[in-house]
Amino acid sequence: MRYSALALVRGALAAHRNWTPAWRSPEPKRAYDIVIVGAGGHGLAAAYYLARNHGIRNVAVLERGWLGGGNTGRNTTVVRSNYLYPESARLYDFALKLYEGLSRELNFNIMLSQRGHIMLAHSRHDLESIARWANAMHMNGIQAELLNREQVGELIPALDMSPQARYPVLGGFMQRRGGTARHDAVAWGYARAADALGVDIIQNCEVTGFAKAASGAVTGIETSLGRIQATRVGIAVAGHSSVLARLAGFQLPVTSYALQAMVTEPVKPALDKVVISPGTGAYVSQSDKGEMVIGGGLDLFPSYAQRGSFAVLQSVVAATLAIFPSFSRLRLMRQWAGIVDVVHDSSPILGPTPVPGLYINCGWGTGGFKAIPAGGWLLAHVLATGRNHELAEPFQLERFVSGRLIDEAAASGIAH
Ligand SMILES: Cc1cc2nc3c(=O)[nH]c(=O)nc-3n(C[C@H](O)[C@H](O)[C@H](O)COP(=O)(O)OP(=O)(O)OC[C@H]3O[C@@H](n4cnc5c(N)ncnc54)[C@H](O)[C@@H]3O)c2cc1C
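Keep in mind it's a predicted model, so treat the numbers as computed, not measured. (Residues numbered from 1 in each chain as written. Predicted model: local features only at pLDDT ≥ 70, side-chain atom pairs only at ≥ 80, totals over all residues.)

Asks: Help me understand the environment of G281, please; the structure alone is not making it clear to me.
Replies: Inspection of the secondary structure assignment puts G281 in the loop between β14 (274–277) and β15 (282–286). G281 sits 18 residues away from D299 along the chain, and the two C-alpha atoms are 12 Å apart. (Helix = DSSP H or I, 4+ residues; strand = E, 2+ residues; numbered from the N terminus.)

So, in structure tokens, the structure goes:
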């Protein structure tokens, strides 16, 4: 069923009883050409691009909970491509370009809002580092604008620009194409489009092990719904990547942490930019519903508890109020956390694993929502062809042996 204004009118005339489910809930088959573990954005996008780019439709996506219920449905929805190194700039800008056409491509409104992403500078040192950052972006062919104090004040009127401000704002830099996209819609849009191309999305199906041939190559997957045969398997499970790797018999240089976010009660439009303040440790945007969406740093101890500690919550709120004192009148409505997969150079791992036939997409840490279209595209490419796409080449596991790390800790904002 194609979504359109006309379909809405038809729906209204039929008292909205004519809508078909956005995706099926099939029973798993005994064998697939390719199985993907994890129905987050990356897994669903990979399944869609397998069918769309490579014509491979005998594909299953296995999800232990509900689709989009992991970090894809828990993040603060920020999209941007303001990274430092050419390898990352290419990767994240490819994702942003795909996002720019995604609503049309998927026939699903992902509510992309390129409202501008502004990084604040609170010290002379910050000013120097954002100048270097903006220059690096220009050299990578990505637009960036340095802003002086007055320009920042005009763009973000709610910011405390008074002389008494605890963290004075000296300037900033903006990526105009940065902004937000609706996180659930990205998962739902890819799920619906993949399903329409014949992909089976199987929810409530936990992967518990891998079957291997004598050669060590993967031959199937053990799941809570029984064994499924497949000789090509992709893993895209974010914070649980190390768990799946252990089940497959190898180790990953990934540490799992809780990352929190929170929203206030909704208010009228007061902030039309995404604002990040690395110096204080908070970032804020306003959702279409009117809530202030607030995020900050990691809970810096490894954890699989999807809660987050009170101390970090408190420091993120304090940081937000230091730059936006007027928000102190807002009530905090909800707080939650997701388990993120942090790699020590803050760059993803995209490609083959030591187990033949088993490929992985992980290590996005606190910033993989913005990369979903690219992460899916590249996982699909290596699963379909057995070869890395050139954009994925620098992001192999092998870099932890060769030492060719791509240290993007600074560009990950405040989170790492
Ligand atoms: C609070 C928070 C804020 C964030 N903010 C941003 C942001 O503003 N911008 C940004 O770019 N990124 C952000 N991120 C990071 C981003 O959300 C993630 O990098 C991205 O969503 C990862 O997508 P994914 O598809 O790899 O993982 P997920 O969406 O987590 O999907 C993985 C899926 O695998 C499933 N799974 C796990 N184990 C198994 C198993 N054994 N069997 C079957 N299924 C399994 C899980 O249930 C889950 O649904 C944030 C993350 C958090 C937690």
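Back to the text.
Asks: Is there a simple way to think about the sheet that holds strand β10 (residues 218–223) in this case?
Replies: Each strand in a sheet pairs with its neighbour through backbone hydrogen bonds, running either in the same direction (parallel) or in the opposite one (antiparallel). Reading across the sheet, the three strands line up as β9-β10-β11 and stay open at both edges, with antiparallel pairing between neighbours. Each edge of the sheet is formed by a strand with only one pairing partner; in this case those strands are β9 (207–212) and β11 (226–229). Adjacent strand axes in the sheet meet at a mean angle of 25° when their direction is disregarded. One ladder, built from five bridges, connects β9 with β10; its direction is antiparallel. Each bridged residue has a counterpart across the sheet, and for K212 the counterpart in β10 is V218. (Pairing = 2+ DSSP bridges. Axes fitted to C-alpha atoms, helices over the stretch in contact; angles between N-to-C directions.)

Asks: Which parts of the structure should I look at to understand the domain arrangement of the protein chain?
Replies: Interfaces are often sized by the accessible area lost when the parts come together. For the protein chain, the assigned domains read domain 1 (28–108 + 182–253 + 345–412) and domain 2 (117–178 + 256–343). Distance between the C-alpha centres of domain 1 and domain 2: 28 Å. Elements that contribute at least two residues to the side of domain 1 that touches domain 2 include exactly β3 (78–79), α3 (86–100) and α8 (241–248). It is α3 that provides the largest number of residues to the side of domain 1 that touches domain 2, a total of four residues. (Domains from an automatic or database assignment.)

Asks: I'm lost on the environment of Q114 in this one. Help?
Replies: Relative to the helices and strands, Q114 resides in the loop between α4 (102–106) and β4 (117–121). Not counting residues within four places of it along the chain, the set of residues in contact with Q114 comprises R176, R177, G178 and G179. (Contact = placed C-beta atoms within 7 Å.)

Asks: What is the right way to look at the site of the ligand in this model?
Replies: The immediate surroundings of the ligand are formed by 39 residues, with G38, G40, G70, G338 and G368 found nearest. Secondary-structure elements contributing two or more residues to the shell around the ligand are α2 (41–54), β13 (254–264) and β17 (332–343). In terms of domain composition, the shell around the ligand takes at least three residues from each of domain 1 (28–108 + 182–253 + 345–412) and domain 2 (117–178 + 256–343). (Near = placed C-beta within 6 Å.)

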